[in-house]
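Listed below, chain by chain, are the residues.
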Amino acid sequence: MLKLQGKNLVIGVTGGIAVYKVCQVVREFKKLGANVDVIMTKNATEFVAPLTFETLSNRPVVTDMFKRSSHFEVEHISLAKKADLFLVCPATANIVGKYANGIADDMLSTTLMATTAPVVICPAMNTNMYHSKSFNKNLDILIERGVHVVRAESGFLACGDTGDGRMAEPPVIVEYCLDLLCPVNDLVGKRVLITCGATIEKLDDARYITNFSSGKMGSALVDAALNRGAYVTVILGKHAAPIDGRATVVDVQTTEQMYDETVSRVTDHDIIVMAGAPCDYRPENYSDSKIKSDSLTVKFIKNPDIAAKVGQIKGDRFLCVFSAETDNGVENARTKLVKKHADLAVMNDIKHNDVFGSDTNTVTLVTESDEQSYPTLSKLEVANIIFDRAIGK
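Residues numbered from 1 in each chain as written. Predicted model: local features only at pLDDT ≥ 70, side-chain atom pairs only at ≥ 80, totals over all residues. Heavy atoms only, no water.

Caption draft 1: Looking closely at the overall build of the chain. Helix and strand content of the chain: 13 helices and 21 strands. Radius of gyration (C-alpha) of the chain: 23 Å, near the 21 Å computed for a compact globule of 393 residues. The C-alpha extent of the chain, read off along each of the three principal axes, is 75 × 50 × 35 Å. Relative to its full complement of 393 residues, the chain shows a buried share of 50%. Taking the intrachain contacts of the chain between residues at least 6 apart in sequence as the baseline, contacts between residues at least 24 apart amount to 68%. Taking the average place of the 43 positive charges on the side chains of the chain and the average place of its 48 negative ones, the gap between the two points comes to 2 Å. (Helix = DSSP H or I, 4+ residues; strand = E, 2+ residues; numbered from the N terminus. Rg over C-alpha atoms; globule rule 2.2 N^0.38 Å. Buried < 20%, exposed > 50% of the residue type's maximum accessible area, 1.4 Å probe, protein only. Contact = heavy atoms within 4.5 Å. Lys, Arg positive; Asp, Glu negative; His and termini not counted. Charge placed at Lys NZ, Arg CZ, Asp CG, Glu CD.)

This is the structure:
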């Protein structure tokens, strides 16, 4: 049986360049066996013709509040009741504002107001709009009401700007909705500790060293663990990815801070996933004034090894480490697995794959006795595979 056989999804499509991505979202849900109805705003039809979605969904697309049909049925109420999940993507600032403030002046906003199904919105807009106070106030209202949000990503936008506001990629959206439609509560009662993001080490009050980690893998791990019922603590460094507000967050900057906060919590947790990217070295000396020099020589000293210390004290707790490699990936990952006393090493080939800042990952999972390589997956899919391993699936 297909995973979503018998499930009814209503997808609201609003006007934005990201509409073309929704074609893939509809296609993926149909492949999973779902029944899909699409509601398009008038502006959305300027980007993609309704016929495209009718072809993909095998259902008529609804665009008009007052279009007569061959049978008497109040369509917005019918679709609102039918939905097992209501997805709005892309979600413009306009529809978010309407929904937050109870405005129902077209088919989509009216149906949203009438549904009692879980609602997922996927914002997409210019980066200045995305960070505006008015949009974020409206978004906060919806979150407080229990609306689910698949946060926008950072990248090059259609307007020419670069920044947050690009709609999440279709695999991320589909995976998020799958977790809601087919919940797996196999981590209920488990306490999960996750390190996430990069640490920073100051040279002076104006400069620091760090690495390319965006925190996206850690964020996906947080989402996966929470959606499976776990209590989650995040030791959080510098990051670009949003962290689900249901998690307990401990903010850190330096590797030593991440070390202290992580090690002190190991015995209170059942599963520890070291997805953070701590700096291996820090400057031996720090200047409290901005360094001004024609040349600069910096001596670095080794930072404490967080994963190794966790491995020493973890007992029978499950420990997963990440191994970003450029050469001899599996061999180096297995060496790291043994040295850190870990149960699982996730090897990223950063030489041949776009890992940092990407929404996908191509990994090989390494244990003491075997290894398994996977095709390119969303980071949420990788996160769920890791937790499957943690509980012995």
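Caption draft 2: How the structure looks around the sheet that holds strand S2 (residues 35–40). In spatial order, the strands read S2-S1-S3-S4-S5; together these five strands make up an open sheet with parallel pairing. Of all the strands in the sheet, just S2 and strand S5 (148–149) have a single pairing partner and so form its edges. Relative to S2, strand S1 (residues 8–13) runs parallel, the two being bridged by six bridges. Bridged to Gly12 within S2 is Ile39. Contacting S1, S2, strand S3 (85–91) and strand S4 (119–123), helix H5 (residues 107–114) crosses the sheet at an angle of about 145° to S3. (Pairing = 2+ DSSP bridges. Axes fitted to C-alpha atoms, helices over the stretch in contact; angles between N-to-C directions.)

Caption draft 3: Spotlight on helix H7 (residues 133–144). Taking 1.5 Å of rise per residue, twelve residues should cover 16 Å, and H7 covers 16 Å from first to last C-alpha, within 8% of that figure. Of the surrounding elements, those touching the buried residues of H7 are helix H4 (93–100), S4, helix H6 (127–130) and S5. Positioned one or two residues after H7, Gly146 has a phi angle of 95°, which is positive. (Expected span 1.5 Å × (residues − 1).)

Caption draft 4: How the structure looks around the side chain of Ser378. With respect to the helices and strands, the residue Ser378 is situated in strand S21 (residues 377–378). Excluding residues within four positions of it along the chain, Ser378 makes contact with Pro171, Asp359 and Thr360.

Caption draft 5: Layout of the nonpolar core. Core analysis: the largest hydrophobic core is formed by 36 residues, its most contacted members being Leu221, Val232, Phe322 and Phe387. Only strand S8 (191–196), helix H9 (216–227), strand S11 (231–236), strand S13 (271–274), strand S16 (318–325), strand S17 (344–349), strand S19 (363–366) and helix H13 (379–390) provide two or more residues apiece to this core. (Core = buried A, V, L, I, M, F, W, Y, C linked by side-chain atoms within 4.5 Å.)

Caption draft 6: Molecular detail of the packing of H4 against H7. One can describe the packing of H4 onto H7 by two numbers: an axis separation of 9 Å at closest approach and a directional angle of 50°. Considering their axes alone, H4 and H7 lie oblique with respect to each other. The interaxial crossing formed by H4 with H7 has left-handed handedness. Only Phe135, Asn138, Leu139, Ile141 and Leu142 of H7 make contact with H4, whose side of the interface consists of Ala93, Val96, Gly97, Tyr99 and Ala100. (Parallel < 35°, antiparallel > 145°, perpendicular 65-115°, else oblique. Left-handed = near helix turned anticlockwise from the far one by under 90°.)

Caption draft 7: Quick look at the sheet that holds S8. The eight strands lie next to each other as S12-S11-S8-S13-S16-S17-S19-S20, forming an open sheet whose pairing is mixed. Every interior strand has two partners, whereas the edge strands, strand S12 (248–251) and strand S20 (371–373), have only one. Taking each pair of neighbouring strands and ignoring which way they run, the sheet shows an average axis angle of 15°. Across four bridges, S13 lies against S16 in parallel orientation. Bridging from a neighbouring strand, Ile272 pairs with Leu319 of S16.

From the geometry alone we can't say anything about function, so treat these as descriptive.
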